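# Descriptive analysis of the structure
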Amino acid sequence: MGSPSVDPSLPYRRVQRARWPLLIMVPSSGLSLALGVFGSDVPWVVRSAAVAFALVLAWMAVTFTVLTVEVDGRIEVRFGGGWPRRSVSLDSVMAADTVRNRWWYGWGIRYMGAGWLWNVSGLDAVRLELDTGRELRIGTDDPQGLLKAVRRACGLG
């Protein structure tokens, strides 16, 4: 878990960076790329698959190790450079509270039966109950700050 950054020009903005996946993805990507480029004794199909795997790991490292949450007229959650992203209207939030996710929920984007989880690291989250009856959990290293911003923006008291 990296150091968060807060943008004072917005009512709430938090950027989380997870460093632990990089410890796995970067060496794995490098080894796969090396196998694909320098593995002259390896069949071309395996080398091609190794290069493709290296590219997918590199994309995942860039995309799913950064999560930005903004509350400013809408609640927006986005990974990496802005995709994937989820935007929620403030009017659609019926309730909000802090929750602790189970460790097996994992990280990334997950469907959990009652709704979706967007998380980059840790177990803390803010659960939004939406007017559709579904929920959206936003993983955060600042659960109280995000909850306060959501409640203030949505008029939930």
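Data block above holds the structure.
Residues numbered from 1 in each chain as written. Predicted model: local features only at pLDDT ≥ 70, side-chain atom pairs only at ≥ 80, totals over all residues. Heavy atoms only, no water.

## Points about the pattern of salt bridges
Evaluated as defined, the whole model comprises 10 salt bridges. For arginine 13, the salt bridge goes to glutamate 70, with nearest N and O atoms at 2.9 Å. Note that arginine 13 is positioned in strand β2 (residues 12-17) and glutamate 70 in strand β3 (residues 66-71), a separation of 57 residues in sequence. Salt-bridge contacts for arginine 127 lead to aspartate 97; the nearest nitrogen and oxygen are separated by 3.1 Å. Taken as a pair, arginine 127 in strand β9 (residues 124-130) and aspartate 97 in strand β6 (residues 93-100) lie far apart in primary sequence, 30 residues in all. The exposure class assigned to arginine 127 is buried, which follows from its relative accessible area of 18%. Here the salt bridges do not stand alone but share partners, grouping Arg13, Glu70, Glu76, Arg78 and Arg85 into one network. (Salt bridge = Lys/Arg side-chain N within 4 Å of Asp/Glu carboxyl O. Helix = DSSP H or I, 4+ residues; strand = E, 2+ residues; numbered from the N terminus. Buried < 20%, exposed > 50% of the residue type's maximum accessible area, 1.4 Å probe, protein only.)

## Here we look at the environment of proline 27
Among the secondary structure elements, proline 27 is positioned in helix α1 (residues 20-38). Overall, proline 27 belongs to the partly exposed group, its relative accessible area being 42%. Sequence separation between proline 27 and tyrosine 12 is 15 residues, and the spatial gap between their C-alpha atoms is 35 Å.

## Observations regarding empty space enclosed by the protein
Tallied over the entire structure, the rule returns one cavity of 30 Å³ or more. When its volume is computed, the largest cavity comes out at roughly 30 Å³. Class assignment of the residues belonging to the lining of the largest cavity gives a composition of four nonpolar, four polar and one charged. (1 Å grid on protein atoms, 1.4 Å probe; cavity = no way out; pocket = protein on both sides within 12 Å on 5 of 7 lines; lining within 4 Å. Points joined across faces, edges and corners; volume = space filled by probe spheres on them. Nonpolar A, V, L, I, M, F, W, Y, C, P; charged D, E, K, R; others polar.)

## Things to note about helix α2 (residues 44-63)
With 20 residues, α2 should cover 28 Å at 1.5 Å per step; its first-to-last C-alpha distance of 28 Å lies within 8% of that length. Listing the buried residues of α2 in full gives Ala50, Ala54, Leu57, Ala61 and Thr63. Contact partners of the buried residues in α2: α1, β3 and β4 (74-79). (Expected span 1.5 Å × (residues − 1). Contact = heavy atoms within 4.5 Å.)

## Observations concerning the sheet that holds strand β8 (residues 115-119)
For sheets, the rule is that strands pair by backbone hydrogen bonds, running either parallel or antiparallel. One open sheet holds the five strands; their spatial order is β6-β9-β10-β8-β7, and the pairing between them is mixed. Taken across any chain shown, the strands that pair with only one partner, and hence form the sheet edges, are β6 and β7 (108-111). The mean inter-strand angle of the sheet, taken between neighbouring strand axes irrespective of direction, is 20°. In terms of strand pairing, β9 meets strand β10 (residues 135-139) through five bridges, oriented antiparallel. By the bridge assignment, arginine 127 is partnered in β10 with arginine 137. The strands touched by helix α3 (residues 143-154) within the sheet are β6, β9 and β10, with β6 carrying the most contacts at an inclination of about 175°. (Pairing = 2+ DSSP bridges. Axes fitted to C-alpha atoms, helices over the stretch in contact; angles between N-to-C directions.)

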